[in-house]
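Breakdown of the fold
Okay, here's what each chain looks like letter by letter:
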Amino acid sequence: VGRAEWLGSCGASATPEAKTYFNDVFDALADADDERADGAELCVAASLLSGARKSEKLARAFDVLGEDGDAGALGVEGVARLLRAALCAVGYASHDAEHGALARAAGREAAALAD
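From a predicted model like this one, the values you see are computed outputs, not experimental measurements.

Criteria and cut-off values
- Residues numbered from 1 in each chain as written.
- Predicted model: local features only at pLDDT ≥ 70, side-chain atom pairs only at ≥ 80, totals over all residues.
- Heavy atoms only, no water.
- Buried < 20%, exposed > 50% of the residue type's maximum accessible area, 1.4 Å probe, protein only.
- Helix = DSSP H or I, 4+ residues; strand = E, 2+ residues; numbered from the N terminus.
- Polar contact = N/O pair within 3.5 Å; in protein donor to acceptor, adjacent residues only side chain to side chain.
- Axes fitted to C-alpha atoms, helices over the stretch in contact; angles between N-to-C directions.
- Parallel < 35°, antiparallel > 145°, perpendicular 65-115°, else oblique.
- Contact = heavy atoms within 4.5 Å.
- Salt bridge = Lys/Arg side-chain N within 4 Å of Asp/Glu carboxyl O.
- Left-handed = near helix turned anticlockwise from the far one by under 90°.
- Nonpolar A, V, L, I, M, F, W, Y, C, P; charged D, E, K, R; others polar.
- Expected span 1.5 Å × (residues − 1).
- Arc of directions from axis to C-beta.

**Considering helix 3 (residues 39–48)**
- Along helix 3, 7 of the 10 residues are buried, which leaves the element largely enclosed by surrounding structure.
- Along helix 3, the residues that are buried comprise A40, E41, L42, V44, A45, S47 and L48.
- Two or three places before A40, at the start of helix 3, stands the capping residue D38, its side-chain oxygen 2.7 Å from that residue's backbone nitrogen.

Written out as structure tokens, the structure reads:
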């Protein structure tokens, strides 16, 4: 997913603070080589901060990140992607530069774990 598509899906009426947050999460999850991010990870990051119940958020994450034909289960790569998305989402929620650095570091470590 490209940045414009991600920001468009987040809502045109988002506050400037929300747009900054959405950009930060995108940057943390984006591939530095092609400046695109995994749509599933972005979906999970966004849903984790929604007003939905915890069980609904986790069910959505498992649906999006689960392996084909293995409903309701995540492999090692799926767990790493879930952690990466969750840590980036929470790490940027504080709007604190130090937490942003933590989110980027967590994302790199989760990606390395998946490899």
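**Looking at the packing of helix 3 against helix 4 (residues 54–65)**
- Interhelical geometry of helix 3 versus helix 4 gives an angle of 180° and a closest axis separation of 10 Å. Taken together, the axes of helix 3 and helix 4 lie roughly antiparallel to each other. Each of A40, E41, C43, V44, S47 and L48 in helix 3 lies in contact with helix 4, whose residues at this interface are K57, R60, A61, V64 and L65.

**What about the pattern of salt bridges?**
- A full pass over the atoms with the stated rule returns 5 salt bridges.
- Of the charged contacts, one joins R3 and D27 as a salt bridge, the two residues approaching to 2.4 Å between their closest N and O atoms. Separated by 24 residues along the polypeptide, R3 in helix 1 (residues 3–9) and D27 in helix 2 (residues 16–29) bring together distant segments of the chain.
- Assessed through its relative accessible area of 31%, R3 is described here as partly exposed.

**Some points on unusual backbone geometry**
- Even without being glycine, E35 reaches a positive phi, approximately 55°.
- Note on placement: E35 falls in the loop between strand 1 (30–31) and strand 2 (36–37).
- Accessibility expressed as a relative area gives 59% for E35, which makes it exposed.

**A word on the environment of R36**
- Relative to the helices and strands, R36 is located in strand 2.
- It is 6.9 Å that separates the C-alpha atoms of R36 and R3, two residues lying 33 residues apart in sequence.
- When near neighbours in sequence (up to four residues on either side) are disregarded, R36 contacts V1, G2, F26, A30 and D31.

**Some thoughts on the packing of helix 2 against helix 3**
- With their axes 10 Å apart at the nearest point, helix 2 and helix 3 run at an angle of 140° to one another. Here helix 2 is positioned oblique relative to helix 3, judged by the angle of their axes. The crossing of helix 2 and helix 3 is right-handed. Residue-level inspection shows V25, F26 and L29 of helix 2 in contact with helix 3, the latter providing E41, L42 and A45.
- Its residues placed into classes, the contact of helix 2 with helix 3 shows 5 nonpolar, no polar and 1 charged.

**Focus on helix 4**
- A rise of 1.5 Å per residue sets the reference length of helix 4, with its 12 residues, at 16 Å; its end C-alpha atoms lie 16 Å apart and thus fit the reference within 8%.
- Along helix 4, the residues classified as buried are K57, A61 and L65. Projected onto a plane normal to the axis of helix 4, the buried residues spread over an arc of 45° and lie on a single side.

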